[in-house]
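Okay, here's what each chain looks like letter by letter:
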Amino acid sequence: MYHGKPCWFELSAARGGLDAAESFYGKVFGWTIADSGMEGFTYRLASHGGDMVAGLMEMPEDCAEVPPFWMVYFDVDDADATAAKIKALGGSVFREPADIPGTGRYAVVTDPQGATFGILQPAPMDPQPPVESGAWNQGKESHGNWIELMSTDPGAGFDFYAELFGWTKSTAMDMGEMGTYQLFAWQGTDIGGMMGLGNAPVPCWLPYFGVNGVDAAIARIREGGGEVLHGPMEVPGPAFIAVARDPQGAHFAVVGPKDEMS
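One structure accompanies this document, and this report is about it. (Residues numbered from 1 in each chain as written. Predicted model: local features only at pLDDT ≥ 70, side-chain atom pairs only at ≥ 80, totals over all residues. Heavy atoms only, no water.)

Attention shifts here to the overall build of the protein chain. Scanning the protein chain for helices and strands turns up four helices and 16 strands. On C-alpha atoms alone, the protein chain measures out to a radius of gyration of 17 Å, which is about the 18 Å that the 2.2 N^0.38 rule sets for 262 residues. For the protein chain, the spread of C-alpha atoms along the three principal axes comes to 45 × 45 × 40 Å. Sorting the 262 residues of the protein chain into buried and exposed places 47% on the buried side. Taking the intrachain contacts of the protein chain between residues at least 6 apart in sequence as the baseline, contacts between residues at least 24 apart amount to 60%. Only carbon and sulfur atoms are counted for the fraction: they give 53% of the accessible area of the protein chain, which is about 12,100 Å². Taking the average location of the 14 positive side-chain charges in the protein chain and that of its 34 negative ones, the two points are 2 Å from each other. (Helix = DSSP H or I, 4+ residues; strand = E, 2+ residues; numbered from the N terminus. Rg over C-alpha atoms; globule rule 2.2 N^0.38 Å. Buried < 20%, exposed > 50% of the residue type's maximum accessible area, 1.4 Å probe, protein only. Contact = heavy atoms within 4.5 Å. Areas by Shrake-Rupley, 256 points an atom, 1.4 Å probe, with all protein chains shown as cover. Lys, Arg positive; Asp, Glu negative; His and termini not counted. Charge placed at Lys NZ, Arg CZ, Asp CG, Glu CD.)

Here it is as structure tokens:
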């Protein structure tokens, strides 16, 4: 029903850096973070306003050379069929579909240009949760509000995701020397944008989390030892954004009004 909707955000922190990551993001976003209780695996769940919004874990041993990063997951109707389609469309599957007890079935994949993302087939629920529940809600702070793809070939990237998720093109914004910023929609609502590689070293997805006051969020990021790389900058909406890097090097962004609103 929600195939193609962003549904989860997952931080892979540095080895030994999970407590520090929990402290940083708890202060920046006001998340309440607790252990998930998974047997034999430390995975922490962040919540805000009654919703589970993100997962935090240490970088797996078989990815020890990968810098810390945030991964975006997308809801799919059938994880196995979607993984097969990703391969057919020129992408790759890094972790084959597997079950997460009580949660659903997931896989870790890449698009043809190499950007990593996750897919999640949620476990059946009765009644079905409303579309605005969970980690993705563009009207709530400290939830996922926007996603952005930096790619070596954003045109081909759009074609891939359009075929995979049914996304449609929305507004195209001319950024001069930086090329075109192509907005895209899920079920008629703009959820993100695609652009060239820019300053990103490799193709990647960047999650934006909503905040009540970008200036205040920037202050919290800096107080926590993070670095603001870009912004605050006003964007259509109207809203303001800032792109940041946490103390361990994982990139993320914030979006919201410039000043706190009551």
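What follows covers the side chain of Thr110. Examined against the element boundaries, Thr110 turns out to sit in strand S7 (residues 104–110). Using a relative accessible area of 15% as the deciding quantity, one classes Thr110 as buried. Here the side chain of Thr110 touches Ser92 through a polar contact of 2.5 Å, side chain to side chain. Setting aside its immediate chain neighbours within four residues, Thr110 contacts Ile86, Gly91, Ser92, Ala115, Thr116 and Phe117. (Polar contact = N/O pair within 3.5 Å; in protein donor to acceptor, adjacent residues only side chain to side chain.)

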